[in-house]
Amino acid sequence: MPAPERIPSRSLTEAGLRTLLAEGELTVLGQVRGASNAVLYCTVAYEGEERTCVYKPVAGEQPLWDFPDGTLAQREVAAYEISEATGWGLVPPTVLREGPYGEGMCQLWIEAEEATDGLPDEAHGLPPLLALVEDEEPGDGWKAVGFAEVGEGRTALLVHADDPRLRRLAVLDAVINNGDRKGGHLLPAPGGRLYGIDHGVTFNADDKLRTLLWGWAGEPLTEEAAEVLGRLSAGLAPGTALAARLAELITPAELDALRARVDALRTSGHHPQPSGEWPSIPWPPV
C-alpha cells in the first residue's frame, strides 16, 4: 500500500489529534487485507493538517453471537476512553464519526518499528516483545505464556518480555475484558511508545479475557497499577463524565461489569489468572 504524500505538519496535542480525526476530511487510499471486518487505510485532513488513519465502518462489521449489542466501533472508542483515563496512553487516538461508508471508528495510524525478533519461519509476524524459545523455562527478562506447536511435531515455549509497557497493557486488557490480545495487536512505536490496537472484542459482561500476556498471572499488581485502578474506580462512578461517555458506547450491563472488574482487581491486588471456562489464548496468536 503506497504511503500518501505528506504536507508539512506541526505537532498536535491529543485533543488536536482527536479533532483532526473527528472533523477532518477522510480520503480512502485502500483496504487492509486479512482482517475479519472492513479496515480502510485513509488520510484525514483538517485546517492544514493531515495524518494517516484507519477507518472501520460499522457497515463492514461481521455479527458476533456473543456480542449481540452495540458495535465493534463503539467498543474500540470505549477502550480508548479507558486507556486515556488510566493516563498510560496505550491506545492510539480514536473517535466515532461519519465517513464515506457511514458511521465508524477512526483511529490514528501508528507506524510500528520493524520487528527484529529473529524468530523461526513459523513465527514470523510476532513483534520483538514476543518470542519462541527452545528452552523449558523463560530466560532472564522474559515471562512464559505456554508451549506452542511450531510444525513437524515440534513445540517451543512462547514468551513475552518482562516489560513495564506490556505489564500496563495486561492491566488494561483485564479491565476492558479484551477477548483478542494477539501479537499483531502490539505496536512498538518510535520513541519507546507501545500501543495496543483492535479492541472491538471487549467489555463483554462475561469473562472473555484471551491474551498472550499471561506472564504475570497471579502476581501482585505494581504500586503504579494499584494507584491507577483506584483513580479509575472513582472515575467510573455514576454521574462522572467518564461514566456518561461510556454509557453512550457500551450497555448498562457492560458498564456495571467494567466497574466490577476494576473493583475485583483492586480487592485481589493481583493480575488475573485464566478462568478455565474460556480459551485463554487467542487464535491465531498473531
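Check the entry above for the structure.
Residues numbered from 1 in each chain as written. Predicted model: local features only at pLDDT ≥ 70, side-chain atom pairs only at ≥ 80, totals over all residues. Heavy atoms only, no water.

Engineer: Is there a simple way to think about the packing of helix H2 (residues 72–86) against helix H4 (residues 223–235) in this case?
Structural biologist: Between two packed helices, what matters for the description is the angle formed by their axes and the separation of those axes. At a minimum axis distance of 9 Å, the contact between H2 and H4 shows a crossing angle of 120°. The orientation of H2 relative to H4 falls into the category oblique. Here the hand of the crossing between H2 and H4 comes out right-handed. Residues Ile82, Ala85 and Thr86 of H2 lie in contact with H4, whose contacting residues are Val228, Arg231 and Leu232. In the contact of H2 with H4, the residues fall into 4 nonpolar, 1 polar and 1 charged. (Axes fitted to C-alpha atoms, helices over the stretch in contact; angles between N-to-C directions. Helix = DSSP H or I, 4+ residues; strand = E, 2+ residues; numbered from the N terminus. Parallel < 35°, antiparallel > 145°, perpendicular 65-115°, else oblique. Left-handed = near helix turned anticlockwise from the far one by under 90°. Contact = heavy atoms within 4.5 Å. Nonpolar A, V, L, I, M, F, W, Y, C, P; charged D, E, K, R; others polar.)

Engineer: How should I be thinking about the nonpolar core in this particular structure?
Structural biologist: Where a protein is soluble and globular, its nonpolar side chains tend to be buried together. Counting 45 residues, the largest nonpolar core has Ile82, Leu166, Val175, Phe203, Leu236, Leu246 and Leu258 as its most contacted members. Every residue in contact with Ile82, bar those within four places of it in the chain, is listed here: Leu172, Val175, Ile176, Phe203, Leu232, Leu236, Leu242, Leu246 and Leu258. Within the second largest apolar cluster, 18 residues are counted, among which are Leu17, Leu26, Val44 and Tyr195. (Core = buried A, V, L, I, M, F, W, Y, C linked by side-chain atoms within 4.5 Å. Buried < 20%, exposed > 50% of the residue type's maximum accessible area, 1.4 Å probe, protein only.)

Engineer: Even after reading the chapter, I still don't get the sheet that holds strand S4 (residues 94–99), so can you show me in this structure?
Structural biologist: Spatial ordering of the open sheet is given by S1-S2-S3-S5-S4, a layout of 5 strands whose pairing is antiparallel. The sheet is open, and its two edges are formed by strand S1 (25–31) and S4, each paired on a single side. Each adjacent strand pair in this sheet contributes to an overall mean axis angle of 40°, direction not counted. Seen against the sheet, helix H1 (residues 14–23) touches S1, strand S2 (40–46), strand S3 (49–57), S4 and strand S5 (102–108) and runs at an angle of roughly 20° to S4. Contacts from H2 reach S3, S4 and S5 within the one sheet, and its direction differs from that of S4 by about 150°. (Pairing = 2+ DSSP bridges.)

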